[in-house]
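So you can see what is in the structure, the chains are spelled out below.
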Amino acid sequence: MQIMKFDATFLRSKVARRIFLLFIVCALLPITALAIISFIQVTEQINEQSQRRLRQASKAVAMSIYERLMFLDADMKMVASNLYTGSGAPFNLPPEGLTEELKQRFKTLAPIGEAGKSVPFLGRIEDPPEPTPAEKRHMSSGKAVVSVQQRQDLPLGIIMSRALDPQHPERGILLGEINPTYLWGLGDQDTLPPLTELCVLDRSYKVLICSLPGATSFAAQIGLHVSESSSGRFEWSHQDKEYLGSYWSLPLKFNFFVPQWTVVLFESKADILAPMVHFKRIFPLVIILFLGLVLLLSLRQIRRILVPLEKLQEGTRRIAVRDFVSRVAVSSGDEFEELANSFNIMADRLDRQFNTLATMADIDRAILSVLDTEKIVRTVLNRMRDVLLCDAIAVTVIDSDDRGRAYISEEGRRSEIALERVALTPRDIEKLHENRQSLFISPNQSVPDYLAPLAWRGSSSFLNLPIFFNESLRAIISLGYVDPPLLNEETLLHARQIADQVAIGISNAQLYQQIGQQAVDLERANKVKDEFLGVMSHELRTPLTVIEGYTGMILDGGYGEVNQEQARALEHVMSRTNDLVVLVSSILEATRIATGAVRVVSEEIDLRHFLEELKLGYNLPLKKEIAIVWDYPADLPVLKTDGGKLKQILDNLISNAIKFTDKGNVTVSARHFPWGMEFKVSDTGIGIPAETLPLIFEKFRQVDSSNVRPYEGVGLGLYIVEKFTDLLRGKIEVKSEPGKGSTFSVTIPKS
Ligand code: ADP
């Protein structure tokens, strides 16, 4: 079942396909090549041997035909000598007739007398042929003549004739038609090699005999293949059948006065190659058998390779999802098993490394997320042993040059953290400076005092990791070992990494503490400053108002007449006092804003009336060539807002515009929109550089803050404007171009 399942899927793997192909190529190619080569060679061999055999056979058959002719001749000679008793005497026919042997050899046998009188004693010779003079001459030499007689509707007759008396051939001839079965060795006396066919042709390739049916055309064609030489071979096809043929020429002229006969033997190629046909049939079966075998073997092999491969693949997949615990189990006893073992070792190492990394990351996170030295120390004590094996850990936080607090945690008592005071000598600190990475103290070295808490808990070797901050020793992480440890590069690296993180954590914590302290200090200082400014302003404003009042009274002549010079001086005092009152008021206002004491008091304001009143405040003549242009429509709505603050906003903007414009216009405009009101104060003054635009709203910020600046002020006007606009839920925008002027726009929502 498993193999079946495997079958369906195994060719999806590239390796499997490759191995499978390799198997097929290795197994089938040589078999096929061998089979084809041997097939061709065996076919050739069989052909060759058959040719040779046929040649031998054709020779043997020819010889046996010749032999039989000789036997027939001897028979005739014997019969002739018995028959012939003398010239003119009657033939001496044997009373007991002819022997059985003669009857088999001859179809007919008859002596023909002088006057052509024939006395047949075996069969009847129809129309006996008349010997030609040449034949007669041949017979007169005592030899027989063989001739072929063509007869209508009858097979060819082979006639052998011999003179009864060779000295006088005219006296009579013995004439016999040879039994073809005997002559050609067919029938009962078949002497032909098995599966061979025999044909005998005369000189003109006329068929004398042919054992194949359809002989005439067949034999005529054979004639074309038979060359002039006395023997030879040929290939021939007849009625879709291939034949191998071999011929042997029989010279008969000398003995039988008949031109040579050619004995042809042939055998069908199909018969010759019958074993090959068998081979051909068997071959595909063998191939299929091998293919099956190859398939089976390759499957087995592929499985042996693929199963471990798949397991390894699965293992890597598990590693990718950080599963380092599961192991790859391969027991193939080969390199795959070795690979799986190495893989498992690697997974083990990775497991350890990832654990270390994770623990270190935890320690990092814990260290960096708390800003309290003690908590950092506790985290290190709790988690460090997960990464670094040791018997006890001490984290010593250095308090002063020679004193420190050692936090100690022992193996087996993790939750308990002991705190002890330790002393450090300058030599200890110097040694730690010299070994900034790590300082190992072995059992045969003297133990410094700061390690005493670990030493009396049983440790005899120590690995110290000093932590420096700004070149001064801040802490020491000390790992204590009862037995000398085996410390490798990796352990030392991890230990140092943790120590560095602790260094960052502790320095962060210390910085945080410093910053916190500074913030508290700053806040306190600010509060003191605000209180001071508030008190001072308040305390200053009363006497200033008094000065202003009395000066006014003196000016008005309340204390006697004042001359012109005195009046000018008093006016100067008035003006300066007024400036001081404005300044003090601004400071007071700003202080109130900073302390959150300013509240919004909303009321319904008739804007037109509001603006008319504002305008009145600027009716006084100015010392500069400035025209104040008021631009607002007659039908302004009633706005619900804090009128006092809105007035302060516009006053500050208008007085700035006047202050920073020497010549030209200051335009105050108001527009009504569905969402609220827009107030604009624009001037043709000195303008503000683009880089300082974002800063002008800050407290005490001035574009030119030098002592020689030609403009008065402390830099609180726009600070108050911005804060008040915020309080009114409005927005302020400024556009300015140095040398051309500035435009401040304040928008206040309807409600
Ligand atoms: P000050 O008391 O100096 O006027 P402000 O807060 O009112 O303080 O303004 C801050 C600074 O912004 C000014 O010192 C001045 O440099 C710049 N500034 C304000 N308004 C104008 C203006 N209309 N044209 C040019 N500069 C201005």
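Refer to the structure presented above.
Small disclaimer: the values here were computed from a predicted structure and weren't measured.

Caption draft 1: Spotlight on the overall build of the chain. Of regular secondary structure, the chain possesses 18 helices and 22 strands. On C-alpha atoms alone, the chain measures out to a radius of gyration of 71 Å, which is more than a quarter above the 27 Å that the 2.2 N^0.38 rule sets for 751 residues. If you line up the chain on its principal axes, its C-alpha atoms span 225 × 90 × 45 Å. Burial analysis of the chain (751 residues in total) assigns 41% to the buried set. Relative to all contacts within the chain whose residues are 6 or more apart in sequence, the contacts with residues 24 or more apart total 62%. Of the roughly 42400 Å² that the chain leaves accessible, carbon and sulfur atoms contribute 56%.

Caption draft 2: Layout of the pairing of strand 22 (residues 741-749). With seven of nine residues buried, strand 22 lies mostly within the body of the structure. In this sheet, strand 22 lies alongside strand 20 (residues 676-683) in antiparallel orientation, the contact comprising seven bridges. Bridging across to strand 22, methionine 677 finds its partner in isoleucine 748. Count of turn residues in the strand 21 (residues 731-737)/strand 22 antiparallel hairpin: three residues, of which glycine 739 carries a positive phi of about 90°.

Caption draft 3: Just the layout of surface pockets, in detail. The space that makes up the second largest pocket amounts to roughly 530 Å³. Taken together, 20 residues make up the lining of the second largest pocket; nearest its centre are Arg352, Val387, Leu388, Leu389 and Thr491. Listed by contribution, the elements that provide at least two residues to the lining of the second largest pocket are helix 10 (335-369), helix 11 (373-387) and helix 14 (489-555). Per-element tally for the lining of the second largest pocket: the top contributor is helix 10, with five residues. The class makeup of the residues in the lining of the second largest pocket is eight nonpolar, six polar and six charged.

Caption draft 4: How the structure looks around the sheet that holds strand 8 (residues 241-250). Within the open sheet, the five strands sit side by side as 6-5-9-8-7. Their pairing is antiparallel. Looking at the sheet topology across the chains shown, the edges are occupied by strand 6 (207-210) and strand 7 (231-238). Neighbour-to-neighbour, the strand axes of the sheet open up by a mean angle of 20°, direction not taken into account. For strand 7 and strand 8, the ladder comprises eight bridges, and the chain directions are antiparallel.

Caption draft 5: The side chain of threonine 641, seen in detail. Looking at the secondary structure, you find threonine 641 in strand 18 (residues 638-641). Residues within four places of threonine 641 in sequence aside, it is in contact with Val601, Ser602, Glu603, Ile605, Leu646, Leu728 and Ile748.

Caption draft 6: Quick peek at the packing of aromatic side chains. Inspection of every chain in the model, using the stated rule, returns eight aromatic pairs. Their ring planes at 20° and their centres at 5.8 Å tell us that phenylalanine 39 and phenylalanine 279 sit as a pair that is stacked. On the criterion of sequence distance, the pair formed by phenylalanine 39 in helix 2 (residues 14-83) and phenylalanine 279 in helix 9 (residues 274-320) is long-range, its members being 240 residues apart. Where tryptophan 184 meets tryptophan 261, the ring centres are 5.3 Å apart and the plane angle is 50°; that geometry is what we call tilted. Taken as a pair, tryptophan 184 in the loop between helix 5 (180-183) and strand 5 (196-201) and tryptophan 261 in strand 9 (residues 261-268) lie far apart in primary sequence, 77 residues in all. Of the two residues, tryptophan 184 and tryptophan 261, both sit in the buried class. Its guanidinium or amino end placed over the ring of tryptophan 456, arginine 457 lies 4.6 Å from that ring's centre, counting from NZ or CZ. The lysine or arginine in question, lysine 645, covers the ring of phenylalanine 724, its NZ or CZ lying 5.5 Å from the ring centre.

Caption draft 7: Seen up close, the site of the ligand. The environment of the ligand is formed by 21 residues, the closest being Asn656, Lys659, Asp683, Gln702 and Leu718. In the model, an oxygen atom of the ligand is placed 2.9 Å from a nitrogen or oxygen of the lysine 659 side chain. Between the ligand and the protein, one listed contact pairs a nitrogen atom with a side-chain N or O atom of aspartate 683 at 2.9 Å. The protein chains hide 96% of the 520 Å² of surface that the ligand would expose on its own. Counting only elements with at least two residues in the shell around the ligand, the list comes to helix 17 (643-659), helix 18 (717-727) and strand 22. For the shell around the ligand, the residue count by class is 10 nonpolar, seven polar and four charged.

Caption draft 8: Here's a closer look at the packing of helix 10 against helix 14. Packing of helix 10 against helix 14 brings their axes to within 9 Å, and their N-to-C directions diverge by 15°. Comparing the axis directions of helix 10 and helix 14 gives the class roughly parallel. For the pair helix 10 and helix 14, the crossing hand works out as right-handed. Contact residues: helix 10 offers Arg349, Gln353, Thr356, Met360, Ile363, Asp364, Ile367 and Leu368, while helix 14 offers Glu490, His494, Gln497, Ile498, Gln501, Val502, Ile504, Gly505 and Asn508.

Caption draft 9: Looking closely at the pattern of salt bridges. Applying the stated criterion across every chain, the model contains 32 salt bridges. Between arginine 318 and aspartate 323 there is a salt bridge whose closest N-O contact spans 3.9 Å. According to the relative accessible area criterion, arginine 318 is buried, its value standing at 19%. A salt bridge links aspartate 348 to arginine 327; the shortest N-O distance between them is 2.4 Å. Of this pair, aspartate 348 sits in helix 10 while arginine 327 sits in the loop between helix 9 and helix 10; the two residues are 21 residues apart in sequence, bridging distant segments of the chain. It is possible to trace a salt-bridge network through shared partners that takes in Glu314, Arg317, Arg318 and Asp323.

Caption draft 10: Representation of helix 15 (residues 564-594) within the structure. Over its 31 residues, helix 15 extends 45 Å from the first C-alpha to the last, a length consistent with the 45 Å expected when each residue adds 1.5 Å. Every buried residue of helix 15 is listed here: Ala567, Leu570, Thr577, Val581, Val584, Ser586, Ile587, Leu588, Glu589, Ala590, Thr591 and Ile593. Turning to helix 15, the residues buried within the fold contact helix 14, helix 17 and helix 18. Between the side-chain oxygen at the start of helix 15 and the backbone nitrogen of glutamate 565 there is a gap of 3.3 Å, and the oxygen is on asparagine 563. Glycine 596, located one to two residues past helix 15, shows a positive phi value of around 75°.

Caption draft 11: Molecular detail of the nonpolar core. If you look at the biggest cluster of nonpolar residues, it comprises 45 residues, and the most contacted ones within it are Leu69, Trp184 and Trp261. Residues Ile593, Leu639, Ile688 and Ile696 belong to the second largest nonpolar core, which totals 44 residues.

Caption draft 12: A look at the packing of helix 2 against helix 9. Here helix 2 crosses helix 9 at 160°, and the two axes come no closer than 9 Å. With respect to their mutual orientation, helix 2 and helix 9 come out roughly antiparallel. When the axes of helix 2 and helix 9 are compared, the crossing they make is right-handed.

Each value, and the rule that gives it
- Residues numbered from 1 in each chain as written.
- Predicted model: local features only at pLDDT ≥ 70, side-chain atom pairs only at ≥ 80, totals over all residues.
- Heavy atoms only, no water.
- Helix = DSSP H or I, 4+ residues; strand = E, 2+ residues; numbered from the N terminus.
- Rg over C-alpha atoms; globule rule 2.2 N^0.38 Å.
- Buried < 20%, exposed > 50% of the residue type's maximum accessible area, 1.4 Å probe, protein only.
- Contact = heavy atoms within 4.5 Å.
- Areas by Shrake-Rupley, 256 points an atom, 1.4 Å probe, with all protein chains shown as cover.
- Pairing = 2+ DSSP bridges.
- 1 Å grid on protein atoms, 1.4 Å probe; cavity = no way out; pocket = protein on both sides within 12 Å on 5 of 7 lines; lining within 4 Å.
- Points joined across faces, edges and corners; volume = space filled by probe spheres on them.
- Nonpolar A, V, L, I, M, F, W, Y, C, P; charged D, E, K, R; others polar.
- Axes fitted to C-alpha atoms, helices over the stretch in contact; angles between N-to-C directions.
- Phe/Tyr/Trp six-rings, centres within 6.5 Å; stacked < 30°, edge-to-face > 60°.
- Lys NZ or Arg CZ within 6 Å of the ring centre and 35° of its normal.
- Near = heavy atom within 4 Å.
- Polar contact = N/O pair within 3.5 Å; in protein donor to acceptor, adjacent residues only side chain to side chain.
- Parallel < 35°, antiparallel > 145°, perpendicular 65-115°, else oblique.
- Left-handed = near helix turned anticlockwise from the far one by under 90°.
- Salt bridge = Lys/Arg side-chain N within 4 Å of Asp/Glu carboxyl O.
- Expected span 1.5 Å × (residues − 1).
- Core = buried A, V, L, I, M, F, W, Y, C linked by side-chain atoms within 4.5 Å.

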